[in-house]
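What the coordinates show
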Amino acid sequence: MLIILLIFIFLIGYLLIVPFNLFNVLETLGLSFPIGLGLWSFSLFIINLVGIPINSRLLCVGLSIFLGFLVIGASHIFKSNAGFNLWANALDIFRRIRLSLSTFVWNPFYATSLLAACIIIFAICLKAQYWPIINYDSIYGYDFLAKVIAHEGSYINSIFDKSNQLYSVRSLYPPLPVHGFFIGHLFNAGHAKFIPILFLLSTMCLLYGLSLRKGHHITAVWAVLLLCLTPEFMGQSALIASNPISAFYILMAYGLFFHFMQDNRNGLLYVSLLGLSMAIWTRTEAIIFCVPMGLILLRSSEKIKRITLLVFAALIPFISWQLYLKFGIQAPKEQPILMHLQTDFEKLSRMLSQIWTMVCSTKFYAYTFILLFLSVFTNLIFFKKATQLHALSFMLILSFILYVFVYYQIDTDYIVFNKSGWIGSGFKRGVFYFIPIGCMYISYSVLTRMILLPASGFLQKEPIGNIDKQK
């Protein structure tokens, strides 16, 4: 039944995005399971909210089937003029694969890069299956809570018992990752690390597919290889953790939003906003990523409608979870965030110094952030050549500043740096938000086009993004 449930969760996402007819094969494969899991998680939350225990295998499978039929019905209602046919769209995948292969020319650089990326991904998948869960956040947080929910059937459980409280701040994050991990324990799979594996594979597929829209196979495989060579990200992807999951949803939100700005197709915006909602349903601090999107939408046509959609996409998951924490779980936790604006420039200087040392560490991130900084700098120098990237540059820079500001508002002095502190632990994994979308940005950058493409001798007839639009 576990395999059946995972297949139906995948189909929920697939059935939702296929009617838009906007996504290439790899994007479809990458988006389907995470979207399905997000919708399934929110539905499971509502079911539990009305008092129904969720630790029933039949209920979980039945919910996924119901959501699948619900999505099909909604597709026929809202996409009645699109000629949506499930089987025709499914068979169309083979046509798209054939067309993309017909335009592709192999070369040694591409073959070597693809082989290296596949070997690394395979090794991480093996590590996830056989390496024990050793990170403290999982043992005392995500995985622990998932086990208890699978046993007791409710998010309000003995962990939050006032007479013997076992919860920590790790138990108070939004439930999407926990609902995913809960599947493994409910079906006695031994562990739930197949969920991080599915998200890792989804991230690689989506990153490749997005990079192909306005680029080439060589730049797409370069983006994937760059992500594979980021040690901290790949290491955490083999564990029970929420950061790689939230990184996927930001890639989905920002990547599709970037292409929406290029093509002005509303379907891309809708799925992008869905990714933002699911990022917030994974970690609430992801709400900061809506600010750059909102500022850019102020300049678009239909700005009132689109900004309204953005506000709803951001606030519904955020407020829902905050209300549940306050009135449902009733687990008060002292917040480390200061509600008043600080003006401590010495603290800011110490914090920025630690952040700079962290993100430039090749031990944790190889050269990913260094290349990202160089790409942003190069795109600013060659301003006219990087016209299409101005908005994405703005989004990445502003969201990074906002994320740093969140850590500046934390009630600590940053005098001592330690591996388990705010920068050495929380920020080190928190910047995962910027790694997959940063790899896509690097693949599009002037730096890549000026150096990598000529050096590789790559030949490409037409980007796959254009091929997928052919009918």
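**What about the packing of helix α6 (residues 136-152) against helix α7 (residues 176-186)?**
Contact pair α6 / α7: the axes reach a minimum separation of 8 Å and the direction vectors enclose 55°. Between α6 and α7, the angle is such that the two are oblique. As α6 packs across α7, the resulting crossing turns out to be right-handed. Of the residues in α7, those in contact with Tyr142, Asp143, Leu145, Ala146, Lys147, Ile149 and Ala150 of α6 are Val178, Phe181, Phe182, His185 and Leu186. Split into classes, the residues belonging to the contact of α6 with α7 amount to nine nonpolar, one polar and two charged.

**So, helix α20 (residues 434-444)**
Within α20, 11 of the 11 residues are buried, which leaves it mostly tucked inside the rest of the structure. Among the residues of α20, Phe434, Ile435, Pro436, Ile437, Gly438, Cys439, Met440, Tyr441, Ile442, Ser443 and Tyr444 are the ones counted as buried.

**Let's talk about the environment of Leu16**
Structurally, Leu16 can be placed in helix α1 (residues 2-17). Taking C-alpha positions, Leu16 is 6.0 Å from Val71, a pair spaced 55 residues apart along the chain. In contact with Leu16, other than residues within four places in its own chain, are Ile35, Leu39, Val71 and Leu274.

**Here's the deal with the packing of aromatic side chains**
Think of a pair of aromatic rings as described by two things: how far the centres are apart, and how the planes are tilted against each other in angle. Applying the stated criterion across every chain, the model contains 34 aromatic pairs. Here Tyr155 and Trp321 contribute two aromatic rings whose centre-to-centre distance is 5.3 Å and whose plane-to-plane angle is 80°, an arrangement assigned as edge-to-face. In this pair, Tyr155 is assigned in the loop between α6 and α7 and Trp321 in helix α14 (residues 303-329), connecting sequence segments 166 residues apart. By the burial criterion, Tyr155 is buried, and Trp321 matches it. Between Phe369 and Phe373, the ring centres sit 6.2 Å apart and the planes meet at 35°, which makes this aromatic pair tilted. Residue Phe369 and its partner Phe373 are located together in helix α17 (residues 368-381), separated by four residues, close to a single helical turn. Overall, Phe369 belongs to the buried group, its relative accessible area being 2%. For Phe373, a relative accessible area of 30% translates into the label partly exposed. Among the aromatic side chains, those forming a connected cluster through ring pairs are Tyr254, Phe289, Phe400, Tyr403, Tyr407, Phe427, Tyr433 and Phe434. We note Lys127 situated over the ring of Trp131; from NZ or CZ to the ring centre the distance is 5.6 Å. Here Arg283 stacks its cationic end above the ring of Tyr173, 4.4 Å away from the centre of that ring.

**Details of unusual backbone geometry**
Its identity as a non-glycine residue notwithstanding, Glu302 has a phi of 55°, on the positive side. Secondary-structure assignment places Glu302 in the loop between α13 (290-297) and α14. Phi at Tyr414 is positive, roughly 60°, even though this residue is not glycine. Residue placement: Tyr414 occurs in the loop between α18 (390-408) and α19 (422-430).

**Observations regarding a negative patch on the surface**
Negative charge collects at one region of the surface, where Asp344, Glu346, Asp411 and Asp413 lie side by side. Within the secondary structure, Asp413 sits in the loop between α18 and α19. Exposure remark for Asp413: the relative accessible area of 39% places this residue in the partly exposed category.

**Focus: the pattern of salt bridges**
On inspection of all chains with the given rule, the structure shows eight salt bridges. A salt bridge links Arg213 to Glu27, with the nearest nitrogen and oxygen atoms 2.6 Å apart. In this pair, Arg213 sits in helix α8 (residues 194-213) while Glu27 sits in helix α2 (residues 25-49), placing the two residues 186 residues apart along the sequence. By relative accessible area, which is 8% here, Arg213 ends up buried. Here Glu27 falls in the buried class, since its relative accessible area comes to 0%. The residue Asp143 makes a salt bridge to Lys147 at a minimum N-O spacing of 3.6 Å. You can see Asp143 and its partner Lys147 sitting in helix α6, four residues apart, about one turn around the helix. Using a relative accessible area of 4% as the deciding quantity, one classes Asp143 as buried.

**Considerations on the nonpolar core**
Most often, soluble globular proteins keep nonpolar side chains buried together rather than apart. Counting residues in each nonpolar core, the largest one holds 151 residues, and the members touching the most others are Trp40, Phe182, Ile183 and Phe427. Take this core: its biggest share by element is 13 residues, from helix α11 (residues 243-263). Setting aside residues up to four positions removed in sequence, Phe182 forms contacts with Trp40, Leu44, Ile54, Asn55, Cys60, Ala146, Ile149 and Ala150.

**Some points on α13**
Along an α-helix, residues three or four apart share an orientation, since each turn contains 3.6 residues. α13 sits mainly inside the fold: six of its eight residues count as buried. Listed as buried for α13 are Cys290, Pro292, Met293, Gly294, Ile296 and Leu297. Of the surrounding elements, those touching the buried residues of α13 are α11, α12 (266-280), α14 and α18.

The rules behind each value
- Residues numbered from 1 in each chain as written.
- Predicted model: local features only at pLDDT ≥ 70, side-chain atom pairs only at ≥ 80, totals over all residues.
- Heavy atoms only, no water.
- Axes fitted to C-alpha atoms, helices over the stretch in contact; angles between N-to-C directions.
- Helix = DSSP H or I, 4+ residues; strand = E, 2+ residues; numbered from the N terminus.
- Parallel < 35°, antiparallel > 145°, perpendicular 65-115°, else oblique.
- Left-handed = near helix turned anticlockwise from the far one by under 90°.
- Contact = heavy atoms within 4.5 Å.
- Nonpolar A, V, L, I, M, F, W, Y, C, P; charged D, E, K, R; others polar.
- Buried < 20%, exposed > 50% of the residue type's maximum accessible area, 1.4 Å probe, protein only.
- Phe/Tyr/Trp six-rings, centres within 6.5 Å; stacked < 30°, edge-to-face > 60°.
- Lys NZ or Arg CZ within 6 Å of the ring centre and 35° of its normal.
- Patch = residues over 30% accessible without salt bridge, like charges linked within 9 Å, V, L, I, M, F, W, Y side chains within 5 Å.
- Areas by Shrake-Rupley, 256 points an atom, 1.4 Å probe, with all protein chains shown as cover.
- Salt bridge = Lys/Arg side-chain N within 4 Å of Asp/Glu carboxyl O.
- Lys, Arg positive; Asp, Glu negative; His and termini not counted.
- Charge placed at Lys NZ, Arg CZ, Asp CG, Glu CD.
- Core = buried A, V, L, I, M, F, W, Y, C linked by side-chain atoms within 4.5 Å.

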